[in-house]
Every structure is written in C-alpha cells, then in structure tokens.
Amino acid sequence: MFFLCDATLMPILKPFALATFSALLSSTALPSMAATFNIDAEQPHDHWQSMALTLGSERHFRAVETHSYSDATLSLNATQGVCDLPWLEMRVTLAEQQGESRAVNLVPTRIRVDDTPIIDTMAEFITERGDDGFYAHFYLSDLQTLMAQMSQGEQLFIGFDQQDSDPWYMTFSLDGADDAIARIQRLCDRADDQ
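Residues numbered from 1 in each chain as written. Predicted model: local features only at pLDDT ≥ 70, side-chain atom pairs only at ≥ 80, totals over all residues. Heavy atoms only, no water.

(A) Inspection of the packing of aromatic side chains at higher detail. In this structure the tally under the stated criterion is 6 aromatic pairs. Seen in terms of ring centroids, Phe125 and Phe134 are 4.8 Å apart; in terms of plane orientation they differ by 70°. Their pairing is edge-to-face. Using a relative accessible area of 1% as the deciding quantity, one classes Phe134 as buried. Among the aromatic residues, those joined into a ring-pair cluster are Phe125, Phe134, Phe138, Phe160 and Trp168. (Phe/Tyr/Trp six-rings, centres within 6.5 Å; stacked < 30°, edge-to-face > 60°. Buried < 20%, exposed > 50% of the residue type's maximum accessible area, 1.4 Å probe, protein only.)

(B) Region of the structure containing the side chain of Arg62. If you trace the backbone, Arg62 turns up in strand β3 (residues 58-65). Given a relative accessible area of 1%, Arg62 falls into the buried group. A polar side-chain atom of Arg62 sits 2.6 Å from a polar atom in the side chain of Asn77. (Helix = DSSP H or I, 4+ residues; strand = E, 2+ residues; numbered from the N terminus. Polar contact = N/O pair within 3.5 Å; in protein donor to acceptor, adjacent residues only side chain to side chain.)

(C) Just helix α2 (residues 143-152), in detail. Buried within α2 we find Leu143, Leu146, Met147, Gln149 and Met150. Projected down its long axis, α2 shows its buried positions confined to an angular sector of 160°, all on one face. (Arc of directions from axis to C-beta.)

(D) Local environment of the pattern of salt bridges. Counted by the stated rule, this structure contains 6 salt bridges. Note that Arg62 and Glu89 form a salt bridge whose closest N and O atoms lie 3.6 Å from each other. Residue Arg62 is located in strand β3, and its partner Glu89 is located in strand β5 (residues 87-93); the two are separated by 27 residues in the primary sequence. Residues joined by salt bridges that share partners form a network here, namely Arg91, Asp131 and Asp132. (Salt bridge = Lys/Arg side-chain N within 4 Å of Asp/Glu carboxyl O.)

(E) The sheet that holds strand β1 (residues 38-45), seen in detail. The strand order across the open sheet formed by 10 strands is β1-β2-β3-β4-β5-β8-β7-β6-β9-β10, and the pairing between neighbours is antiparallel. A single partner strand is all that each edge strand has here, and the edge strands are β1 and β10 (168-173). Taken pair by pair, the neighbouring strands of this sheet meet at an average axis angle of 30°, ignoring direction. Each of β1, β2 (48-55), β3 and β4 (72-79) touches helix α3 (residues 177-193); the most contacted strand, β3, lies at about 175° to it. (Pairing = 2+ DSSP bridges. Axes fitted to C-alpha atoms, helices over the stretch in contact; angles between N-to-C directions. Contact = heavy atoms within 4.5 Å.)

(F) Region of the structure containing the state of the cysteines. Scanning all chains against the criterion turns up 1 disulfide. Two residues, Cys83 and Cys188, share a disulfide whose sulfurs are 2.0 Å apart. Torsion about the S-S bond of the Cys83 and Cys188 cystine: about -90°, corresponding to left-handed handedness. In this pair, Cys83 sits in the loop between β4 and β5 while Cys188 sits in helix α3, placing the two residues 105 residues apart along the sequence. When its relative accessible area of 15% is taken as the criterion, Cys83 is described as buried. (Disulfide = S-S within 2.5 Å.)

Quick look at the structure:
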C-alpha cells in the first residue's frame, strides 16, 4: 500500500495539490537547517545554477534547478569534509512559515532519468520551524549512478505514490545539470584541499 502523507500535512498540501503540483523548490536554505546561508560563487548553467553556501566555517555546495516550477526546486548538495556523500533534495514553498521541525512521513518514490531504469526508493517529507519550505529527502543507495544519468539526460521524473490517488509526478529539466554538478564537485573538492 502506498501513501503520500499523514492527515496532519494534508491541509498544507491540498492547495498545492489542487494547483496540479505546478511548483516545488526554490530556496537556498539547506535541509534540516532553518538558517539562512550566504551565497557565494553563484553561476548559471542553462536551467541549473551552481553555488557555494556558507555560514561561519560551514560550507555547502549546491547544484539547483529552478526553471521547471516557480515555487519548487530540485537540488544536488555536497558538504565540505564529506564531498563523497552528496544528497538529493526537493523543496516546495508553502504559504506560511512552519511552526515546528518534524519528519512528516516516509513515502514510496520512483525516480527516473529519461528512459533509464526506474529507481524505487523512499522520500522523507520534512518541515523546519521558521522555514516556509516543505522538503523531500531521497534515500538513494547509488546516487553516483543517478548523478551520471542526470549529467547525460534531458529530464528527471519523480513520482510520489499516494494511498488512494494517482501518483504525484514532477518533471525537472536536466539542461545544464552536467556543468552544475561537475562544478559543485570541483568546488567541494577544492574546499577540502584548503
């Protein structure tokens, strides 16, 4: 049995769902951190951007797609010191700041680049206190393969299974993803060498 989220999040997501999920992620705040980071070295790559995010001595690097949806982003992120452990995240902008940080649910998810084999995985839905974002963190056992597919592909498809409804699908452009991903890997590796 598949589900999207528990009933406590439905009031938050219903307006979003009724808008046909026409928008998801657009923020530079990192997951599980409601802090605002300084943006450095921002560079466009067609439909993607790459950047460094800093707060004190903390450094993160992000390749982000902001083209496909007005209030949603898909990002690949890396952190100085653990550059070999990047993570994929999707963020949806909600109507208001959230009152608490919590993991809302764990959702069966399918990810696919173009016509490559479907990756069956799980996504954890998270909100952060003081942040107007709704985050989806993806559990991926082979992110390196997905990154290689993203660097060569045209579109990334994400499907979130819902209990009694059709899956919720998102499609993100990969135009420029190759350059953005390569750049954040270089920036992260360079930061590790300093």
